[in-house]
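Summary of structural features
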Amino acid sequence: MLATILLGLFWGVVALVAAISVLPFSKIPHGAIRGMAFPREQLFVLTVALAAVALVFLEPDHRNPALAILAVIAAIHTGYILKFTPLWPRQSVDATEAQAADAGNRVTILASNVKQSNRQYQRLIDLIRTEDPDIAAALEVDPDWVDALYDALKDQYPHWVKVPKDNSYGVVMMSKMEPSETQVRDLLVDDVPSIRTKVAMPSGRMWRLYIVHPEPPVPYHDTKGRDGEIALVGIEASKDDLPAIVTGDLNDVAWSTTTRRFQRLSGLLDPRVGRGFYNTFHAGIAVMRWPLDHLFHDAEFRLIRMSRLPNIGSDHFPILFSLALTGEPQSNSTPEQSDAEERAEVREMAAEEREKDREAIGTDWEK
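Residues numbered from 1 in each chain as written. Predicted model: local features only at pLDDT ≥ 70, side-chain atom pairs only at ≥ 80, totals over all residues. Heavy atoms only, no water.

A grouping of Met1, Leu2, Ile5, Leu6 and Leu9 is seen on the molecular surface, where their side chains present a nonpolar patch of about 590 Å² in accessible area. Among the secondary structure elements, methionine 1 is positioned in the segment before helix H1 (2-22). (Patch = residues over 30% accessible without salt bridge, like charges linked within 9 Å, V, L, I, M, F, W, Y side chains within 5 Å. Areas by Shrake-Rupley, 256 points an atom, 1.4 Å probe, with all protein chains shown as cover. Salt bridge = Lys/Arg side-chain N within 4 Å of Asp/Glu carboxyl O. Helix = DSSP H or I, 4+ residues; strand = E, 2+ residues; numbered from the N terminus.)

Here it is in structure tokens:
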């Protein structure tokens, strides 16, 4: 009797893992589906563990079909996450020593989701002072967060874009490099701001910076607001006459349908490809981490350094990127290109989302 119950439990877990693994293929824009794409690393490990159980404990009439199913599941997850290991060719090109040493065309960016209710201001302040990035972006900042950062760092950073909000979507940018043509925009959903600005290198060369923080996927709502905002930024970056960098908490993993579409639309490179996961969320739960905080860059940039930084009391780790602007596009591999049909679908989704009258997802989570 016990053996039958345990066997049923085993097959129930296999069925659940299989369902979670394949449902994201449907591309249904709903949080309950899109969220299933997040834990592919964890599901791969669980699949291997189930295969070990099958090998040790199951009789051949159950073992063989179980191993066949689990092999397919493992292959699915491997197909997504292998790109983010050193076994895969790097997408972003490493900077040469000369490019890395060229201070006139080098930029270091620190991006951090502080978690609005986190009040350990000094941990981020100390980290910024230690790393001394050229540009630091902080997300989920309310007025108290902006005041704390400004009071401590105003002498270090002469240029500020402050968008404090009490709804978990505030953003602040602090920069040593002079920005211009700065826009703060709610692209699709009211009170979900993003920053678009032109930045001047010390050499005088110009590039474009986008700082974004779209809505998170939740099991009770569709993801059209998040998906549409990410896609629109991708289209805009592709048409920009300046080399672009897009950074922030995308509330999406690097291997998802939405992020891969963003790369097709934008043509921007992901420095994680071929280097590592650099998981930034959840900082407090080691076994449930995935890459939500990103930087994508034009092929004119070369990667100098990429690092996940220490915990600042948030549920996200900060992440840091150093890049050199060369003026010559180069990559080890390029994203697939989008087609007219895909771009039309994005515009239709965005138009549909703009017509909705609703609050942003999660506006009361941190209160």
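Let's shift gears to the layout of surface pockets. Each pocket or cavity is described by its volume, and for the largest pocket that value is around 480 Å³. Surrounding the largest pocket, 26 residues form its lining, Pro216, Pro217, Asn251, Phe281 and Trp365 being those nearest its centre. Partitioning the lining of the largest pocket into residue classes produces 13 nonpolar, eight polar and five charged. Taken as a whole, the second largest pocket holds about 390 Å³ of empty space. Lining the second largest pocket are 17 residues, with Lys27, Arg34, Thr257, Arg261 and Glu345 sitting closest to its centre. Within the residue set of the lining of the second largest pocket, elements represented by two or more residues are helix H8 (224-239), helix H9 (257-266) and helix H10 (340-354). Looking at the lining of the second largest pocket element by element, the count peaks at seven residues for H10. (1 Å grid on protein atoms, 1.4 Å probe; cavity = no way out; pocket = protein on both sides within 12 Å on 5 of 7 lines; lining within 4 Å. Points joined across faces, edges and corners; volume = space filled by probe spheres on them. Nonpolar A, V, L, I, M, F, W, Y, C, P; charged D, E, K, R; others polar.)

Here we come to the nonpolar core. Val107, Trp207 and Leu209 are the most contacted members of the largest nonpolar core, which has 26 residues in total. Those elements that provide at least two residues to this core are strand E1 (106-113), strand E2 (135-139), strand E3 (159-163), strand E4 (171-175), strand E6 (193-200), strand E7 (206-212), strand E10 (301-308) and strand E11 (319-325). Ignoring any residue separated from it by four or fewer positions in sequence, one finds tryptophan 207 in contact with Val107, Ile109, Ile135, Thr197, Lys198, Val199, Met201, Leu242, Pro243, Ile245, Phe301 and Leu325. Within the second largest apolar cluster, 22 residues are counted, among which are Leu110, Leu124, Met174 and Ile312. (Core = buried A, V, L, I, M, F, W, Y, C linked by side-chain atoms within 4.5 Å. Buried < 20%, exposed > 50% of the residue type's maximum accessible area, 1.4 Å probe, protein only. Contact = heavy atoms within 4.5 Å.)

Geometric descriptors of this kind do not, in isolation, establish any biological role.
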